[in-house]
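Residues per chain are reported as follows:
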Amino acid sequence: MHFQEWLRSLRSSVGLKAPESDDLRSLLPSLPLSNFSLSSFSLSPSSLLGLGALASLTAYYLVTRPRPMRPPCDLQAQSVAVNGEPSCRRSALLEDDSLLEFYYQDTRTAYDMFQRGLRIAGSGPCLGYRKPGQPYQWISYTEVAEQAQVLGSGLLAKGCQPNPNQFVGIFAQNRPEWIISELACYTYSMAVVPLYETLGLEAMVHILNLAEISLVICDREEKAASLLENKEKGVTPKLSCLVVFNDFSDAFLERAKNCGVEVLTLAQLMVMEEACCHILIFYCLLQPPQPQDLAVSLHNYRMCRSLICHSPIYPFTDFLGFYQGDISLLMDDIKTLKPTFFPVVPRLLNRIYDKILGSVTSPLRRALLHYAVRRKQAELSSGVVRNNSLWDKLVFNRIQANLGGNLRFALTASAPISPTVLSFLRATLGCLIFEGYGQTECTAGCTFSMPGDWSAGHVGAPLPCAMVKVVDIPDMNYYAKNGEGEICIQGPSVFRGYLKDPERTAEALDSDGWLHSGDVGQWLPNGTLRIIDRKKHIFKLSQGEYIAPEKIENVYMRCVPVLQVFVHGDSLQSYLIGIVVPDPEVFVDWAKERGFVGSYEELCQNPDLKIAVLEDMKSVGKEAGLKSFEQVKDIYLHSETFSIANGLLTPTLKSRRADIRRVFQEQISNMYRKTAI
């Protein structure tokens, strides 16, 4: 198949090289070799040696020069209209309108994916972890498989049923035990339900009761204690067993016994496997993981994160390293791990971009940096992606070393990224950076930028597993006939519905199985998709203008001093206001350049500096084409970043809009009361 052949060639080489002999032949002139002799030349021996050296150098350059990546399709036609309807499109990598369901015919479940990796890698490294100041330690594929099987058998011993209707909660930070616990569930067709501290009490109780979860695996006693507290209150009656990665106190054990909850360490649960061997054999023979059942378990529960987060390690036998658990040590972990693949959110790329520019203070160094970026971007425009050019060695080597120096492939998704930032980092990092678009309900991705297309400002063409169309939104003046509208997705990657919630399922999926995303897209002439607006979270101002705040926030985040921004409006008001978190790493210097001196906290309270930030935001907004009613009229500078810890960001780093409004209600009211229209 054309798509599969191309993917194999992409993995084996960053660029496809033509036979080197063709280049050598092109260097040889058409000489009458039968009449050729050195005596026919009147050049001196030294001149001949010089010409020979020049010819050798020329030949060496032409043979070893960087070659552009060969795109897998015509970059001017990256998607194809379905049934002649331009608003509905599928990948140009497909031979017809039949969507790709499985890349490998023998790999149809998460369990199959790991088994394929196990067959290929065997005792090769799979999961890595480290302690402070120490190198990474690795658990092999074989060891992971054995531990997952033993742990899964222990789950059976505790009464868990080997079918997709058995939900097992995992309440833990990312670490090897998380993956092993997940794989243990998949080995016996159980469904995994990830739980997060940021969900809050009400949401946590709702999830545990909705999925009727009786067993939860935790990483620390503190998290297990929070679940036990719900049990003591009588709000989670089904909860009967807590498994903790590490040891726990006797007091906690006694407390659990008093409310009828059994507490075990992970090691104790795995020991129970011995008492369950006959059950293990029975279910291995008679109840292997069913592809359809696993698809139901993966797609039907809203709180389950997509397998995309973990599955890359399974089919391609890569190995995955985890950070130490302390976000402040993340960069040290990256340098030590030296990753080749780096999934990253735009927020982090924006921080890297700002830090690079903020570290270049002298005019000469800044000019050199921008010149080097332009030279690398010129190579990118011709399809050449590399990290061994003269500019990489002279200018970008320290930047690349901060990410380990081995980076080959980065993927950004979850939110839009500025074309300026994306183009800049493609040049400075010297690696492939792709942008994708999708959501949990379509198993993460539905579009992906095409290798060889290094333009920015779009999210690529449909993946081979999805059809994508745009539909009319009359209230916002978007029409499919113009190639604009709400983005809808159909295909085998689309989920089947929310667990026990037919009403919300009907809102998300129409009668033809199209998933309505709530995002507004535009088809570009080359067949790629651009995200231009947001249907959800829109509101109307008092004069009747519709506002999509997330679109405006993405524009304002391009401002140098701005790290985070929340745009708020009210249907009783005619204008917008904003909550802005300045970037601590650049704000002080940015303010100093404008004559303002003080600490970060003091500067956030300076009313004159607030005006300067507001003017900079309006300038960027005007350049981006924001209409006058889309520009904020006043802002409040806040010195604490929105985070998961303070409840203002979701686990996927999206703003919790209702919570932000509640926290800053006083400031919002003051701005509307004081701002002159």
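So, here's what we can say about the structure. Please read these numbers as outputs of a predicted model, since none were measured by experiment. Within each chain, residues carry numbers counting from 1 in the order of the written sequence. In keeping with the predicted nature of the model, local features appear solely for residues at pLDDT of at least 70, side-chain atom pairs appear and are counted solely at 80 or more, and the whole-chain, interface and lining totals rest on all residues. Note that water and hydrogens are dropped before the side-chain values are worked out from all heavy atoms of the structure.

Thoughts on the sheet that holds strand β4 (residues 137-140)
Defined as follows: Pairing between strands is defined by DSSP: at least two bridges between them are needed. To qualify as a helix, a DSSP run of H or I must reach at least 4 residues; to qualify as a strand, a run of E must reach at least 2; elements of each kind are numbered from the N terminus.
In spatial order, the strands read β4-β3-β10; together these three strands make up an open sheet with mixed pairing. This sheet does not close on itself; its edge strands, each paired only once, are β4 and β10 (320-321). Inspection of the sheet shows strand β3 (residues 125-129) paired to β4 by four bridges, in the antiparallel sense. Counted as the bridge partner of P125 is S140 from β4.

Digging into the layout of surface pockets
Applicable threshold: Think of a 1 Å grid over just the protein atoms. A cavity is a set of points where a 1.4 Å probe fits yet cannot get out, a pocket is an open set with protein on both sides within 12 Å along at least five of seven lines, and lining residues have an atom within 4 Å of a point. Grid points are joined across faces, edges and corners, and a volume is the space filled by probe spheres set on the points. Asp, Glu, Lys and Arg are counted as charged, while Ala, Val, Leu, Ile, Met, Phe, Trp, Tyr, Cys and Pro are counted as nonpolar; the rest, among them Gly, fall into the polar class.
Counted as a void, the second largest pocket has a volume near 750 Å³. Forming the boundary of the second largest pocket are 33 residues, of which Y353, D354, L357, C559 and V560 lie nearest the centre. Considering every element that reaches the lining of the second largest pocket, the biggest residue donor is helix α14 (residues 346-359), with eight residues. Classifying every residue of the lining of the second largest pocket by side-chain character gives 15 nonpolar, five polar and 13 charged.

Brief notes about unusual backbone geometry
The following threshold applies: Remark: exposure states derive from per-residue accessible area (1.4 Å probe, protein chains only) relative to the maximum for the residue type, with buried under 20%, exposed over 50%, and partly exposed in between.
Phi is positive for K338, close to 55°, though the residue is something other than glycine. We note that K500 has phi near 55°; this positive angle belongs to a residue other than glycine. With relative accessibility at 51%, the residue K500 sits in the exposed group.

Focus on the packing of aromatic side chains
Going by this rule: Think of it this way: a Phe, Tyr or Trp ring, Trp meaning its six-membered ring, pairs with another when their centres are within 6.5 Å, and the plane angle makes it stacked under 30 degrees, edge-to-face over 60, tilted otherwise. Throughout this description, the term charge over a ring refers to an Arg CZ or Lys NZ atom that lies within 6 Å of the ring centre and within 35 degrees of the ring normal.
The full count for this structure, using the stated rule, is 17 aromatic pairs. Taking the ring centre of W514 as reference, the NZ or CZ of K469 above it sits at 4.4 Å.

So, the pairing of strand β13 (residues 432-437)
For clarity, the threshold we go by: Crossovers are marked right-handed if the path from the first strand over the helix to the second runs clockwise, as seen with the strands pointing away from the viewer.
Burial of β13 is extensive: six of the six residues sit out of reach of the surface. Burial of the side chains of β13 extends over both faces: L432, F434 and G436 are buried on one face and I433, E435 and Y437 on the other. As paired strands, strand β12 (residues 409-412) and β13 are joined by four bridges and run parallel to one another. Following the sheet pairing, L411 is matched in β13 by F434. Between the parallel pair β12 and β13, the chain is carried across by helix α17 (residues 419-429), and the sense of this crossover is right-handed.

Here's the deal with helix α16 (residues 390-401)
Quick reminder of the rule: A helix is expected to span 1.5 Å multiplied by its residue count minus one. In this description, one arc is meant: the one made by directions from the helix axis to the C-beta atoms. Contact definition: two residues touch when any of their heavy atoms are within 4.5 Å.
For α16, spanning twelve residues, the distance from its first C-alpha to its last is 16 Å, which sits close to the expected 16 Å at 1.5 Å a residue. Taken together, the buried positions of α16 are D392, V395, F396, I399 and Q400. All buried residues of α16 lie within an arc of 130° about the axis, which places them on one face of the element. In α16, those exposed residues whose orientation departs by more than 90 degrees from the buried face are K393, L394 and R398. Check the buried side of α16 and you find it contacts α14, α15 (363-381) and α17.

Brief notes about the environment of D634
For clarity, the cut-off: Here a polar contact is recorded for every N or O atom pair within 3.5 Å, except that within protein the pair must consist of a potential hydrogen donor and a potential acceptor, and residues adjacent in sequence are included only if both atoms are side-chain atoms.
Relative to the elements of secondary structure, D634 occurs in strand β24 (residues 632-637). Taking the C-alpha atoms as reference, D634 lies 6.7 Å from M671; in sequence the two are 37 residues apart. In this structure the side chain of D634 is engaged in a polar contact, spanning 3.1 Å, whose partner is the side chain of K610.

Thoughts on the environment of F424
Within the secondary structure, F424 sits in helix α17. It is 8.7 Å that separates the C-alpha atoms of F424 and R374, two residues lying 50 residues apart in sequence. The residues contacting F424, other than those within four sequence positions of it, are Y353, I356, L357, L369, V373 and Q377.

Description of the pattern of salt bridges
Put simply, the rule reads: In what follows, salt bridge is the name for a side-chain nitrogen of Lys or Arg lying within 4 Å of a carboxyl oxygen of Asp or Glu.
Applying the stated criterion across every chain yields a total of 21 salt bridges. Notably, a salt bridge pairs D106 with R116, separated by 3.7 Å at the nearest N-O pair. Here D106, found in the loop between β2 (85-91) and α4 (110-121), pairs with R116, found in helix α4; they are ten residues apart in sequence, far enough to count as distant. The class for R116 is buried, based on a relative accessible area of 17%. Connected via shared salt-bridge partners are D219, R220, E222 and K223.

Let's talk about the packing of α15 against α16
Which entries qualify depends on this criterion: Here, axes are lines fitted to C-alpha atoms. For helices the fit covers the stretch in contact, and angles between N-to-C directions go from 0 to 180 degrees. When the near helix sits turned anticlockwise from the far one by under a right angle, the crossing is termed left-handed; a clockwise turn instead gives a right-handed crossing.
Taken N-terminus to C-terminus, the directions of α15 and α16 make an angle of 140°; their axes are 10 Å apart at the nearest point. Between α15 and α16 lies a crossing whose hand is left-handed. From α15, L368, L369, Y371, A372, V373, R375 and K376 reach across to α16, where they touch W391, D392, V395 and F396.

Describing the side chain of T505
Along the polypeptide, T505 turns up in helix α18 (residues 502-508). Contacts of T505, omitting those with residues within four sequence positions, involve R496, G497 and Y498.

Thoughts on the sheet that holds β13
Spatially, five strands are ordered β11-β12-β13-β14-β15 in an open sheet, and the strand pairing comes out mixed. The open sheet has two free edges, formed respectively by β11 (341-344) and β15 (461-462), since each of these has just one partner strand. Sheet strands in contact with α14 are β11 and β12, and its direction is about 105° off that of β11.

Let's talk about a nonpolar patch on the surface
As a reminder of what qualifies: Each patch is built from residues that are more than 30% exposed by relative accessible area and take part in no salt bridge. Like charges join if they lie within 9 Å; nonpolar side chains (Val, Leu, Ile, Met, Phe, Trp, Tyr) join within 5 Å. In these tables, accessible area is a Shrake-Rupley quantity obtained with a 1.4 Å probe, and a residue counts as shielded only by the protein chains included in the view.
On the surface, a nonpolar cluster with roughly 260 Å² of combined accessible area is contributed by L48, L51 and L54. Counting through the fold element by element, L51 comes out in helix α3 (residues 45-64).

Focus: the packing of α15 against α17
Filter applied, for reference: Small angles under 35 degrees read as roughly parallel and large ones over 145 as roughly antiparallel, with 65 to 115 read as roughly perpendicular and the rest as oblique.
One can describe the packing of α15 onto α17 by two numbers: an axis separation of 9 Å at closest approach and a directional angle of 90°. It follows that α15 is roughly perpendicular to α17 by the angle criterion. Residues L369, V373, K376, Q377 and L380 of α15 touch α17, and the partners they reach there are S423, F424, R426, A427 and T428. Considered class by class, the residues forming the contact of α15 with α17 number five nonpolar, three polar and two charged.

Note that all results are geometric; they support no functional claim without further evidence.
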